Amino acid sequence: MEISVIGSGYVGLTTAACLAEIGHRVLCADCDLEKINSLKAGRLPFYEPHLDDLVKRNVSSGRLEFTLPSAAIQKGEAIFICVGTPPLENGEADLSSIESVARLIVSSAHGYRIVIEKSTVPVQTAKRLWKHLSIYNANGLEFDVVSNPEFLREGSAVEDFFHPDRVVVGAESSRAIALMKEIYAPVLRTRTTCPVHSQCPSMPEPKLILTDTNSAELVKHASNSFLAMKISFINLIADACEAAGADIEKVAEGIGSDKRIGQAFLNPGIGFGGFCFPKDLQAFVRIGEKLGCDFSLLREVEKINVRRTEQFVAKIKKELWVLRGKTLAVWGLAFKPNTDDVRFAPALNIIRRLMAEGAKIRAYDPEAMQKAKLDLPEVTYCESAYQAAEGADAVLVLTEWSEFREINWKHLGELVAHSLIIDGRNLLSAEEASSNGFQYVGVGRAAAQPLRPTGEPKWTEAITAELPVASHPLSASSQAPPIA
Ligand code: UDX
């Protein structure tokens with residue numbers, strides 16, 4: 001099928017390249033001419049595993065082309081709208097780019113089109129889009145509006161396209177439904193080869209969920225808000241583990257082994273980031289208000305997430321006391337591994353807080369340093385995790401890149417000024433750190449004291465003894481009124 005994809009960001013470019021890979025002829029368009037020219041020259045605006053090869057392969061096969069929106073809209077029978085819907089000041093989603101694409105469609109397309117919403121939009125947007133297209137329909141265009149929300153994750157976007165749990169289609173016409181089935185047929189019946197796996201692991205066939213546009217739109221916001229809630233929940237439980245002396249790994253395993261809950265998204269840490277969860281949560285809270293629904297539960301999810309930054313900084317201060325003049329090594333800047341994306345990254349929030357306290361930051365990330373430099377030019381960016389650790393009073397693990405697990409502890413021990421690891425992602429083994437002479441502090445798990453090569457504790461009990469907590473600003477007791 002001849003398909004146009006308007007918008008060449010994460011969702012647009014990945015969708016365009018994957019649709020071409022499953023055999024469609026795809027025109028990927030963007031109003032940013034410079035971006036289109038870079039793409040034509042084979043330069044991708046972001047790092048995403050497998051996407052580079054996919055784009056190159058499909059451009060050379062002639063199935064994928066880059067162009068401007070007006071040209072694409074005249075060609076493709078199906079038009080995927082994948083433009084950005086960034087948050088406005090008040091947290092609502094900015095839909096102005098969607099509206100301009102709609103205007104372009106009715107002013108330059110002829111015959112029939114299905115207009116497919118793939119950007120994350122508030123419920124009832126498809127209805128509004130249909131109305132807008134009808135009002136400005138100068139050329140008697142025949143069209144249907146479809147909602148087809150995206151669930152791909154950065155860092156595994158290509159894999160998520162080829163192995164989705166579900167494909168959600170919100171449409172009111174059988175013609176549109178038939179075309180959507182045709183578009184996704186190779187993925188739905190897993191007939192296609194997948195560019196990620198040489199041999200795809202056997203997975204259940206993806207579910208095709210057919211519904212109305214309002215329900216399809218709500219699936220997206222509700223799914224992201226639920227996942228964010230699950231993360232805030234496990235972070236809350238991690239706090240309880242720290243206070244009670246329990247082990248969050250075991251607790252999460254105990255909770256997640258219940259099929260009704262599931263193990264996924266129960267990894268505690270420094271909070272969720274990225275360009276989706278924070279903004280989708282905010283937008284959904286606003287939608288709730290407009291619909292007259294009390295979404296205070298989601299406000300709590302947001303509050304818990306924002307608090308993670310302060311809690312992590314408090315952890316560092318508890319070990320290092322005064323931060324002014326201290327050198328802190330930061331391992332990981334991206335909001336999660338396998339991406340170069342630092343938008344709303346918890347690591348950057350924490351670094352800003354630490355620098356405000358006068359700490360010096362030496363940072364390393366395998367992919368995200370270029371983008372982090374734009375936000376935080378004052379940080380010292382290093383060639384390797386080891387270079388970042390030189391002279392450090394503590395090593396902070398803020399993104400769980402797997403390469404950080406391959407530590408040469410002896411070498412690291414020779415580089416740091418103080419053998420302290422504060423692991424905001426529970427990536428490393430407390431036992432391994434301790435047996436290599438490092439003090440280890442994780443999230444929701446017992447801290448580990450450094451051992452000598454003989455296995456004896458490096459420090460006396462007096463040194464490791466906890467200072468009596470007066471009224472720690474973040475401890476529950478300082479917030480709750482005394483129980484009568
Ligand atoms: C998310 C949704 O997963 C995806 O379906 C949607 O299409 C877009 O938004 P993404 O933002 O790429 O995808 O990242 P995701 O893997 O969901 O992680 C989001 C954040 O949650 C990251 O900061 C990650 O570190 C954090 N996270 C995730 C946790 O802190 N704990 C977990 O258990 C899982």
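The notes below deal with the structure included here.

Thresholds, definitions, all that
Residues numbered from 1 in each chain as written. Predicted model: local features only at pLDDT ≥ 70, side-chain atom pairs only at ≥ 80, totals over all residues. Heavy atoms only, no water. Helix = DSSP H or I, 4+ residues; strand = E, 2+ residues; numbered from the N terminus. Contact = heavy atoms within 4.5 Å. Areas by Shrake-Rupley, 256 points an atom, 1.4 Å probe, with all protein chains shown as cover. Lys, Arg positive; Asp, Glu negative; His and termini not counted. Charge placed at Lys NZ, Arg CZ, Asp CG, Glu CD. Buried < 20%, exposed > 50% of the residue type's maximum accessible area, 1.4 Å probe, protein only. Near = heavy atom within 4 Å. Polar contact = N/O pair within 3.5 Å; in protein donor to acceptor, adjacent residues only side chain to side chain. Nonpolar A, V, L, I, M, F, W, Y, C, P; charged D, E, K, R; others polar. Expected span 1.5 Å × (residues − 1). Phe/Tyr/Trp six-rings, centres within 6.5 Å; stacked < 30°, edge-to-face > 60°. Lys NZ or Arg CZ within 6 Å of the ring centre and 35° of its normal.

What to know about the overall build of the protein chain
Phase 1 of the analysis: Scanning the protein chain from N- to C-terminus turns up 19 helices and 14 strands.
Phase 2 of the analysis: Projected onto the principal axes, the alpha-carbon positions of the protein chain cover approximately 80 × 60 × 45 Å.
Phase 3 of the analysis: Contacts spanning at least 24 positions in sequence make up 71% of the contacts within the protein chain whose residues lie at least 6 apart.
Phase 4 of the analysis: Accessible surface computed for the protein chain: about 22400 Å², of which carbon and sulfur atoms make up 55%.
Phase 5 of the analysis: Taking the 52 positively charged and 60 negatively charged side chains of the protein chain as two groups, their mean positions are separated by 2 Å.

Details of the side chain of threonine 67
Phase 1 of the analysis: By secondary structure assignment, the location of threonine 67 is in strand β3 (residues 64–67).
Phase 2 of the analysis: You can call threonine 67 buried: its relative accessible area is 16%.

Re the site of the ligand
Phase 1 of the analysis: Around the ligand, a shell composed of 18 residues is seen, among which Phe151, Leu152, Glu154, Asn267 and Lys336 lie nearest.
Phase 2 of the analysis: Lysine 220 places a polar side-chain atom, nitrogen or oxygen, 2.9 Å from an oxygen atom of the ligand.
Phase 3 of the analysis: Of all the elements, helix α9 (residues 213–244) adds the most residues to the shell around the ligand, at three residues.
Phase 4 of the analysis: Here the shell around the ligand is built from residues that sort into nine nonpolar, three polar and six charged.

Here we look at helix α11 (residues 277–291)
Phase 1 of the analysis: Taking 1.5 Å of rise per residue, 15 residues should cover 21 Å, and α11 covers 20 Å from first to last C-alpha, within 8% of that figure.
Phase 2 of the analysis: Within the sequence span of α11, burial applies to Phe277, Pro278, Lys279, Asp280, Leu281, Ala283, Phe284, Val285, Ile287 and Gly288.
Phase 3 of the analysis: Here the buried face of α11 lies against α9 and α12 (296–320).
Phase 4 of the analysis: Residue glycine 292 follows α11 closely and has a positive phi angle near 75°.

Thoughts on unusual backbone geometry
Only a minority of non-glycine residues have a phi that is not negative, and only a minority of peptide bonds are not trans.
Phase 1 of the analysis: Here histidine 50, not a glycine, exhibits a phi torsion of approximately 75°, which is positive.
Phase 2 of the analysis: Relative to the helices and strands, histidine 50 is located in the loop between α2 (33–40) and α3 (51–60).

Section: the packing of aromatic side chains
Phase 1 of the analysis: Under the definition given, this model contains 11 aromatic pairs.
Phase 2 of the analysis: In this structure an aromatic cluster arises from ring pairing among Phe161, Phe162 and Tyr184.
Phase 3 of the analysis: When the ring centre of phenylalanine 151 is taken as reference, the NZ or CZ atom of arginine 166 above it lies at 3.5 Å.
Phase 4 of the analysis: Positioned above the aromatic ring of tyrosine 112 is the side chain of arginine 175, whose terminal nitrogen or guanidinium carbon lies 3.5 Å from the ring centre.

Considerations on the environment of glutamine 387
Phase 1 of the analysis: Tracing the backbone through its elements, the reader meets glutamine 387 in helix α15 (residues 385–389).
Phase 2 of the analysis: Put simply, glutamine 387 and leucine 412 are 25 residues apart on the chain and 9.5 Å apart in space, counted from C-alpha to C-alpha.
Phase 3 of the analysis: Only 2.5 Å separates the side chain of glutamine 387 from the backbone nitrogen of glutamate 383, close enough to count as a polar contact.

A short note on the side chain of threonine 85
Phase 1 of the analysis: As for its position among the elements, threonine 85 is in the loop between β4 (78–81) and α5 (96–108).
Phase 2 of the analysis: Engagement of the side chain of threonine 85 in a polar contact is seen with the backbone oxygen of threonine 120, the distance being 2.8 Å.
Phase 3 of the analysis: The residues contacting threonine 85, other than those within four sequence positions of it, are Ala93, Asp94, Leu95, Ile98, Ser119, Thr120, Val121 and Lys279.

Let's talk about the environment of glutamate 378
Phase 1 of the analysis: Along the chain, the position of glutamate 378 falls in the loop between α14 (369–375) and β11 (380–381).
Phase 2 of the analysis: Separated by 285 residues in sequence, glutamate 378 and alanine 93 have C-alpha atoms that sit 32 Å apart.

Observations regarding the environment of leucine 398
Phase 1 of the analysis: Among the structural elements, leucine 398 can be located in the loop between β12 (394–397) and α16 (409–415).
Phase 2 of the analysis: Residue class for leucine 398 comes out buried when judged on its relative accessible area of 0%.
Phase 3 of the analysis: Sequence separation between leucine 398 and glutamate 383 is 15 residues, and the spatial gap between their C-alpha atoms is 17 Å.

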